[in-house]
Amino acid sequence: MPLTVVSLGRVLNMLKPIENFIRYVINETVDKAITRAIRDQYTENLYEMIPATRKVGVTNLMEIVMRANQGTPVSRPLGSPLHLSPWEKILFNPVHLFRLPTPENVGIRTSTSIGHRARKPMTLSIPIMIAAMSFGGALSKSTKIALAKAASAAGTATNTGEAGLVEEEREAAQLLIGQYNRGGWMNTPDKYNRLDAIEIQLGQGAQGSTPQRTTSKNIGEDFREVFGLKEGEDALIHSRLPGVNSKDDFIQLVRRLRDETGVPIGLKIAATHHLEKELQIAVEADVDFVTLDGAEGGTHGGSPTLQDDVGLPTLFAITRATEFFERKGVFRDINLIATGGLVTPGQMLKAIALGADGVYIGTAAIMALVSEQMVKAVPFEPPTSLVVYTGKLTDKLDIDLSAMNLVRYLNACVMEMEQVAMTLGKTALTDISKSDLCTIDPFIAKASGIQLGYVAPENQDRFFEETKPLFHPYEDQAEEQQTNLH
Amino acid sequence: MDKYHDLKNTLSYIHSELNRVETMAGTLSAIERDHYNKLTNFDHRELVDIAVEEQNAARQLGTMKHMCLAMAEKIEGIKNAIDRGELGESAQHAETH
């Protein structure tokens with residue numbers, strides 16, 4: 001032992017000159033860099049990159065150079081980094097005396113039912129579902145199987161995305177929602193008759209209703225098999241659903257699918273300012289559910305312009321849709337599924353409180369699924385290379401570990417939601433409503449009907465009456481826009 | 001009305017069994033929740049994973065309880081329709097369309 005200590009001391013003494021040399025080099029280099037930064041003219045100064053990058057933003061700077069390099073729209077994974085829904089300005093209100101909190105021995109009901117008017121409604125044990133992320137177009141088969149396994153363990157549903165029917169996914173999923181899609185890959189009875197709910201996909205938050213193409217070089221044999229493609233053929237998602245060129249075509253399609261299958265039939269669209277006009281057709285078609293994908297919705301890869309500059313934020317999509325369904329007398333008859341940028345249990349529960357019967361999560365589910373295994377990818381590859389179809393490390397993903405991580409995540413999320421339900425004095429997540437919320441933003445209060453936290457419930461009207469002059473400029477703007485629309 | 005006598009008996013049987021299943025699911029759900037609380041007292045990763053599975057089972061049993069309740073209500077509705085003599089009418093109506 002003493003011999004080892006002596007040897008270590010000698011080695012450290014030998015390293016001392018090297019350490020001193022490194023310190024000298026660093027000192028000289030930093031001194032020179034600082035001196036140059038001070039003396040050089042700004043236009044010749046490397047420091048100009050700092051304000052320039054701050055001006056355009058790091059992400060925008062990188063996307064400028066990527067566009068300059070590729071000459072085609074860049075494909076940004078996982079959706080917009082912008083936070084457009086002000087979830088943080090809405091808060092839940094615990095109770096103490098006037099209404100009592102829920103006793104701890106009472107179980108909180110977490111189940112929700114989709115399509116209660118259908119012949120075969122779909123009942124979920126938790127209100128969180130796995131969002132539409134397709135095999136091939138987005139994810140690897142292992143990832144789809146892991147998502148399905150986790151969803152089944154948690155008693156919820158997973159979604160096929162715009163793809164054909166993957167046998168392994170069908171086998172692993174207790175409840176599978178399939179997208180009747182614009183590529184046409186799920187649109188035959190042999191496939192859609194094997195689903196537990198059908199979602200007619202006409203758009204998504206991160207892409208709108210734009211067409212998409214997966215080039216044949218990114219399509220493997222398993223992809224071709226599921227999608228029914230020939231070798232060398234691209235996978236094309238059209239902007240319109242084949243066979244649906246009018247409102248009546250859509251209504252007929254909903255009726256036909258309902259009669260043939262008996263499962264809940266839904267419509268999925270990107271949320272937009274035309275929301276009520278779109279929903280009116282959904283009401284006429286008598287769909288069982290509507291999925292609204294807000295502007296913050298994720299994607300495997302899409303152009304930044306479609307992600308950042310198109311659509312309506314999820315929060316306002318929910319409040320507007322709920323109000324519309326209430327006005328039409330179909331609230332809870334047509335279920336609302338909210339999705340797009342929901343990453344915390346608080347946001348998910350707020351979506352439910354505002355009228356959603358359930359939520360889809362995509363990005364958060366993928367992050368939870370990869371979590372422990374990201375060490376297999378970083379620092380030389382991004383964690384997504386473990387899960388996306390074209391990723392370099394998909395064969396390294398451990399399906400069971402991924403599924404378990406996601407199960408733990410879903411459990412933690414639902415338990416956090418249950419905690420909120422208890423402090424609100426509720427016994428079911430779906431009993432939580434707008435009356436359990438307040439907002440700290442007068443505009444959100446005005447727009448959504450959530451009470452303003454600044455003043456007591458009995459003073460809400462007085463507050464808005466007294467501050468009316470402050471809202472006038474915006475009211476004038478709204479009237480002007482309304483006139484332009486008509 | 002007599003031709004529906006057997007059907008009514010069968011529906012009564014299903015209704016009563018559904019009530020039993022509902023009660024059993026509720027009890028088991030409470031037990032599973034209790035297991036979750038007990039198992040998370042141990043600082044052991046595998047036990048925590050089992051606890052999470054117990055919690056999932058508790059929720060699914062809770063869901064079964066509510067599914068049973070919904071089905072029992074539907075069966076009650078069919079029984080009432082038979083009593084009001086509406087079942088034959090609606091069947092005839094369905095045949096003509």
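Rules used throughout
Residue positions are given per chain, counted from 1 along the sequence in the order it is written. Written order determines the labels here, with chains lettered from A and ligands numbered from 1. Confidence filtering applies because this is a predicted model: local features only for residues at pLDDT of at least 70, side-chain atom pairs given and counted only at 80 or more, and all residues used for totals across whole chains, interfaces and linings. For two strands to be treated as a pair, DSSP must find no fewer than two bridges joining them. Per the convention used, a helix needs a DSSP run of H or I reaching at least four residues, while a strand needs a run of E reaching at least two, with both numbered from the N terminus. Exposure classes come from backbone-placed C-beta atoms, where a residue is buried if 20 or more other C-beta atoms lie within 10 Å of its own, exposed if 12 or fewer do, and partly exposed in between. Every axis corresponds to a line fitted to the C-alpha atoms, with the helix fit spanning only the stretch in contact, and the corresponding angles, defined between N-to-C directions, vary from 0 to 180 degrees. Throughout this description, any angle smaller than 35 degrees is read as roughly parallel, any larger than 145 degrees as roughly antiparallel, any in the 65 to 115 degree range as roughly perpendicular, and the remainder as oblique. Helix crossings get a hand from a simple test, with the near helix turned counterclockwise from the far one by less than a right angle marking a left-handed crossing and a clockwise turn marking a right-handed one. Residues are treated as contacting if the C-beta atoms built from their backbones sit within 7 Å of each other. Residues of type Ala, Val, Leu, Ile, Met, Phe, Trp, Tyr and Cys that are buried and joined through C-beta atoms within 7 Å form what is called a nonpolar core. In this document the domain limits rely on a domain assignment from an automatic tool or a database. Note that Gly is not counted as nonpolar here; it falls among the polar residues with everything else outside the nonpolar set of Ala, Val, Leu, Ile, Met, Phe, Trp, Tyr, Cys and Pro and the charged set of Asp, Glu, Lys and Arg.

Description of the sheet that holds strand β15 (residues 451–452) of chain A
Residues and elements named next belong to chain A.
Step number 1: Pairing in this open sheet of three strands is mixed, and the strands run β1-β14-β15 from one edge to the other. Two strands in the sheet have a free side with no partner beyond their single neighbour: β1 (90–92) and β15.
Step number 2: Pairing of strand β14 (residues 437–439) with β15, which is carried by two bridges, proceeds in the parallel orientation. Note that in β15 the partner of Thr439 across the bridge is Leu452.

Looking at the environment of Leu165 of chain A
Residue and element names in this part refer to chain A.
Step number 1: Looking at the secondary structure, you find Leu165 in the loop between β5 (157–159) and α5 (167–172).
Step number 2: The exposure class of Leu165 is buried, given the 20 C-beta atoms found within 10 Å.
Step number 3: Taking the C-alpha atoms as reference, Leu165 lies 6.3 Å from Val226; in sequence the two are 61 residues apart.

A few points about the packing of helix α12 (residues 345–353) of chain A against helix α14 (residues 399–423) of chain A
Residue and element names in this part refer to chain A.
Step number 1: Following both chains from N to C, one finds α12 and α14 inclined at 60°, their axes separated by 9 Å at the closest point. Judged by the angle between their axes, α12 and α14 are oblique. Crossing of α12 over α14 shows right-handed handedness. Across the interface between the two elements, Pro345, Met348 and Leu349 from α12 touch Cys413, Glu416, Met417 and Val420 from α14.

A closer look at the nonpolar core
All names here are of chain A.
Step number 1: The biggest cluster of nonpolar side chains holds 131 residues, and the ones touching the most others in it are Ala150, Val290, Ile318, Val359, Ala365, Leu406 and Leu410.
Step number 2: Broken down by element, the residue count for this core peaks at 12 residues, all from α14.
Step number 3: Counting the residues that make up this core, at least three belong to each of domain 1 (87–434) and domain 2 (437–485).
Step number 4: Other than its neighbours up to four places away in sequence, Ala150 contacts Ala403, Leu406, Val407 and Leu410.

Some words on the domain arrangement of chain A
Residue and element names in this part refer to chain A.
Step number 1: What the domain assignment reports for chain A is domain 1 (87–434) and domain 2 (437–485).
Step number 2: Taken residue by residue, the interface counts eight residues in domain 1 and 10 residues in domain 2.
Step number 3: Per element, the largest residue contribution to the side of domain 1 that touches domain 2 is three residues, and it comes from β1.
Step number 4: The residue makeup of the side of domain 1 that touches domain 2, split by class, is four nonpolar, two polar and two charged.

Considering the sheet that holds strand β6 (residues 175–180) of chain A
All names here are of chain A.
Step number 1: Overall, parallel pairing links the eight strands, which are arranged β4-β13-β12-β11-β10-β7-β6-β5 in an open sheet. The sheet is open, and its two borders are formed by β4 (128–130) and β5, each paired with just one other strand. Each adjacent strand pair in this sheet contributes to an overall mean axis angle of 25°, direction not counted.
Step number 2: Where strand β12 (residues 335–339) meets strand β13 (residues 358–361), two bridges bridge the pair, whose relative direction is parallel. From the neighbouring strand, Ile337 faces β13, where its bridge partner is Gly358.
Step number 3: Contacting β11 (289–293) and β12, helix α11 (residues 314–328) runs over the sheet at an angle of about 170° to β12.

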